[in-house]
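The residues making up each chain are set out below.
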Amino acid sequence: MRRGIAATALVAALGVTLAACGSDSGSKDGGAKGSGELSGTVTWWDTSTVGSEDKVFKKVAEDFKKKHPKVTVKYVNVPFGEAQNKFKNAAQSGSGAPDVIRSEVAWTPEFADLGYLAPLDGTPALKNSEDFLKQAAASTHYKGKTYGVPQVIDSMGIFYNKKIFKEAGVEVPKTIDELKTVSAKIKQKTGKPGLYLRGDDAYWFLSFLYGEGGDLVDAEKKTVTVDNAAGVKGFKVVKDLVDSGAAKTDATDGWNNMQTAFKDGKVAMMINGPWAVSDTYAGKEFTDKANLGIAPVPAGSAGQGAPQGGHNLAVYAGSKNLDASYAFAEYMTSAETQATVAKELSLLPTRESVYIKPDVATNEMITFFKPVVDKAVERPWIPETGSLFAPLVTEYTKVLTGQTTPDAGAKATGDAYRKLLKDWK
Amino acid sequence: MAVDTPSQSVVKAAGDSVARGRSRGTGKPRGAAKRSLSTHWYAWAMVAPVTVVIAVIIGYPLVRGIYLSLTDANERNVARSIGVNEIPATYEFVGLDNYADALTGSQFLSTLGWTLLWTVSCVSVTFALGLTLANILNRRIAGRSFYRLLLILPWAVPGFVSVFAWRFLYNQDNGLLNKILAGGGIDAVPWLNDPTWAKFSVILVNVWLGVPFMMVALLGGLQSIPGELYEAAEMDGASAWQRFKHITMPGLSSVSTTVILLSTIWTFNMFPVIFLLTRGGPGEATQILVTQAYKFSFEVSPRDFAQSSTWGVLILVLLMLFAAVYRRVLRKQGEVW
Amino acid sequence: MTTTTTPPTRRAAAPSHRAVPNAPIRGRRSPLASVALHVTLIVASVIAVFPVLWVLLTSLKPAKYAITTDFFKETTLENYTNLLNDTPFLTWFANSLLVAGLTTVIGVFISATTGYAVSRFRFPGKRGLMWTLLITQMFPVAVLIVPIYNIMASMGLLNQPVGLVVTYLTIAVPFCAWMMKGFFDTIPREIDESGYVDGLTPFGTFWRLILPLAKPGIAVTAFYSFITAWGEVAYASAFMVGDENLTLAGGLQKFVNQYGAQWGPMAAASVLIAVPAALVFLFAQKHLVTGMSAGAVKG
């Protein structure tokens, strides 16, 4: 009996000790208020790619201490695929949320709508905000307030393997039709598929949809447009690319398979954005960086269009250290920091002034992507923008794997949107 | 659940008949009242930790889930606390609308159809393989312990590791399975990229994961069948099949009913295999009820708590119905469960 | 067809670790049949072991060849050294060990007491408890993540090992308590009664007399609790954030997720993760069959 009690007591004691010695969740040690020097901890959730981008961002973030010696930056890398969910969990419960989050452009209005973000107007976070590219700043506005600071901007283009193109004797395709002939020729000459088209993420579908003059929704007219004639045509185009063998696709692990295939020279082209550059250069085909070519996405029947994306830094409304968080957001998006990041990672700055800095102006990737971004198609920055992908990707994959027709897929997506956007046509 | 063995005392058997009876009441002690107070004190103390943990961690969310399923709660109208700001809940009671929507819409029913197919195929194949292997391992055969060790391995390896390994093997371009097939001149199989193949692939992995549990449980059952029965049967000239049918199967019936029940419940709700292998894709080809319910409350936005809870409650009701029917059928056949 | 056909299961009361249980004695198996049995077992074993073995082989190849199908290519330990030196793997490992260890110890203890109480005593609420244990396994955990997250948040247990331990107990204990109940049912009541005669309290009887007899059952529940806690993903990745708090399940998502794949470290990590699980398994496997037969069989 006595031993029994001892054991119970031990278990109980262990529980208590652990509860006591567990680490704190987030930064709760409040910063200095008012005009005094900033202090305390700022927790930042970064979503950049582990293994390539994260090291640079971590170092840059921790250098904040050089400017504000009393502030400790806690860098936390949360995988991009999980960050939205984790932030939502933490933000609504009021516990465990970071002070600053790297928020994808489509997440920003959604988080703001849910009340999770602190408005930044009039705070130091928006210092020199007139320098920001208009497009980059667009997603940070919601209902007349500003909820984010643009950190990077991006769009998509065709990445191609110059060696394979030379071997097959083809030029970069400018239209979908050219893409098909080029792919056929590559296949014939080298036995390799032409284009890798991700089938498990609808973001990779957007440039084809835009190319046919389609769009997901028309926010001004409050109309769902994904299932109109142009939308259906977009679905038909990708289906045809896959069926005709011009593109190879994958319904699971698309990102990893695409990167592996392209980096190993097993496929000649892929559609991708600046975020893939660092990882692609690490591939064995691109030890000579010059082998990586880049060109605008092929134009559809209605023209050429790639989606505009990017990331903002947003401050959690429940942060206990708002002042330091504002300062940190400003620091991370300052011209100086952006120049460092652009140089090291070929990510596109969001400030006009950065593009003319010497290291940036000569970066091949950035000089290529800048005009692409200028022309890129903006999504409507409504809270539902982030919600539009879940129904779309389901139908997109179904169309590509032959589970449904382009017509039915477009219609099903449209129906789901109308359920989401009440009272829209 | 309460299966009396003859070795138990009469007192115990009498006591258990209370628990086994149909009465829903908490069983007013029919006699032996003297000892009951002190006995209850100990009994309650012993079950208290489990009761408290389950009540807090499962009970509260469960009750709340049932409540949410009767509302239109989603991410935008539930209560949130953001630092000092408390946003109150604004969702409304909608009665049984969610249930009506789920049961009349095609999504729930088609997902249920695949979930049933998934459960039945997984459980039956797993059981058949487990039974076969257990029977072989129950014989005198060289290296038996070694085989057993290898065969239980899938159970000992953490699920996410083995699912990762399988994804590796299934990979259409770089996976080993297709490489082996290519060696035999067979075209690459789209293991996870074709809806039908994906269904097959997820079942295969789940069977792989589930066989060791089945095998070990059935092996235990086999070992509790006394060898004398077989010897006697053999002397009477019973064939191997007759021995299996008249000694092995009856001897295994109680373990079988338990493992089939458990494994049905587990498979029906087998979240990790589907989620880590295909995330329900391609499209929604491998989405089972529980992964779809997860999708409602996590992957769509705004998160649809009401619908997710509705599906959760429906899953619970279906499984309880199953358990009740299962129990009734067994009782008709004379099984005591 | 009732269980009364099964003779008294005395053997559990006096657990003899028979290396060779009462396998039917059948000396007349033809050589052909023997070969067939061995072939079946070998095929089954290969299928059982292969995926795991493949990860092991992958972990020994340089990362750039990870996703190729050569069995051996420039065998190296670089994935392991990278993993141990450049990533917080050891921290995650320690966190997981702590969480799984606590879950096991507490889980075994409370499922043993519960199982014993349910096996031996009649008490108000017993029937309800048994049903609860079954129903708890029926409700999809995936739906519970957000509410449980909020409970943990209000108790301040987010990002703490204890939060995960408590959650895992709810997964592991219902099955374990059920198993233990079945196991205790096979231990004759006379032993309890002798304890009472000696003046032991019910708890004393349980602790001193019954528990030592229940080793196989404990081994199985320990194995089950450990494996459950060691391999759980959904809660682990929802509740924990930050390199220093993650458990293995969450940490590994950094290597391979939707937007990045470092197969080399992933494979090496997988191998290292399988090691403790395999050790627990080796420790438990001697009792696994006996324990399961008494527990699940009678459960």
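Predicted model, so just to flag it, every value in this text is computed and none were measured.

Draft legend 1. Inspection of the overall build of chain C at higher detail. Scanning chain C from N- to C-terminus turns up twelve helices and two strands. Ordered by position in the sequence, the α and β elements of chain C form the string α-α-α-α-α-α-α-α-α-α-α-β-β-α. Classification of the 299 residues of chain C by burial places 59% in the buried group. Across chain C, contacts joining residues at least 24 apart in sequence account for 81% of those joining residues at least 6 apart.

Draft legend 2. Spotlight on the overall build of chain B. Assigned secondary structure in chain B consists of 13 helices and two strands. Per-residue burial for chain B yields a buried fraction of 48% across its 337 residues. When contacts within chain B are restricted to residue pairs at least 6 apart in sequence, long-range pairs at least 24 apart make up 63% of them.

Draft legend 3. Just the sheet that holds strand β13 (residues 292-296) of chain A, in detail. Residue and element names in this part refer to chain A. Read from one edge of the open sheet, five strands run β11-β8-β12-β7-β13, paired in mixed fashion. Single-partner strands in this sheet number two, and they are β11 (247-250) and β13. Adjacent strand axes in the sheet meet at a mean angle of 30 degrees when their direction is disregarded. Packing against the sheet, helix α11 (residues 254-263) makes contact with β7 (157-161), β8 (195-198), β11 and β12 (269-272), and its axis sits at approximately 165 degrees to β8.

Draft legend 4. Inspection of the sheet that holds strand β2 (residues 71-77) of chain A at higher detail. Residues and elements named next belong to chain A. The five strands are arranged β2-β1-β3-β14-β6 in an open sheet whose pairing can be described as mixed. Two strands lie at the open edges of the sheet, namely β2 and β6 (149-154), each paired on one side alone. Each neighbouring strand pair of the sheet contributes to a mean axis angle of 20 degrees, computed without reference to strand direction. Note: β6 against strand β14 (residues 309-315), five bridges, orientation antiparallel. The partner of Pro-150 across the bridge, within β14, is Asn-312.

Draft legend 5. The confidence of the model for chain C, seen in detail. Residues and elements named next belong to chain C. Looking at chain C, pLDDT values average 79 and 84% of them are 70 or higher. Mean pLDDT per element in chain C: strand β2 (residues 260-261) is the minimum at 66, and helix α3 (residues 89-120) is the maximum at 92. Confidence over residues 1-25 falls short of pLDDT 50; this stretch has 52 contacts with residues more than four positions distant or in other chains. Across the interface, the model reports ipTM at 0.80; the global pTM reads 0.83.

Draft legend 6. Representation of the nonpolar core. The biggest cluster of nonpolar side chains holds 302 residues, and the ones touching the most others in it are A:Leu117, A:Val315, A:Phe328, B:Leu218 and C:Phe223. Here this core gets 17 residues from one element, more than from any other, and that element is helix α6 (residues 161-185) of chain C. Both of domain 1 (31-154 + 309-375) and domain 2 (157-307 + 382-420) of chain A provide at least three residues apiece to this core. Beyond its immediate chain neighbours, meaning those up to four positions away, C:Phe223 contacts C:Val280, C:Phe281, C:Ala284 and C:Leu288. Listed in part, the five residues of the second largest apolar core include B:Ala73, B:Val78, B:Phe305 and B:Ala306.

Draft legend 7. Structural context of helix α10 (residues 240-268) of chain B. Here α10(B) is 29 residues long, yet its end C-alpha atoms lie only 35 Å apart, well below the 42 Å a rise of 1.5 Å per residue gives. Taken as a whole, α10(B) carries its principal kink of about 50 degrees at B:Ser253.

Draft legend 8. Structural view of the environment of C:Arg122. On the secondary structure map, C:Arg122 appears in the loop between α3 and α4 (126-136). With 81 residues separating them in the primary sequence, C:Arg122 and C:Leu41 have C-alpha atoms 45 Å apart.

Parameters and conventions
- Residues numbered from 1 in each chain as written.
- Chains lettered and ligands numbered in written order.
- Predicted model: local features only at pLDDT ≥ 70, side-chain atom pairs only at ≥ 80, totals over all residues.
- Helix = DSSP H or I, 4+ residues; strand = E, 2+ residues; numbered from the N terminus.
- Buried ≥ 20, exposed ≤ 12 C-beta atoms within 10 Å, placed from the backbone.
- Contact = placed C-beta atoms within 7 Å.
- Pairing = 2+ DSSP bridges.
- Axes fitted to C-alpha atoms, helices over the stretch in contact; angles between N-to-C directions.
- pLDDT = per-residue confidence, 0-100.
- Core = buried A, V, L, I, M, F, W, Y, C linked by C-beta atoms within 7 Å.
- Domains from an automatic or database assignment.
- Expected span 1.5 Å × (residues − 1).
- Bend = angle between axes of the 7 residues up to and from the residue.

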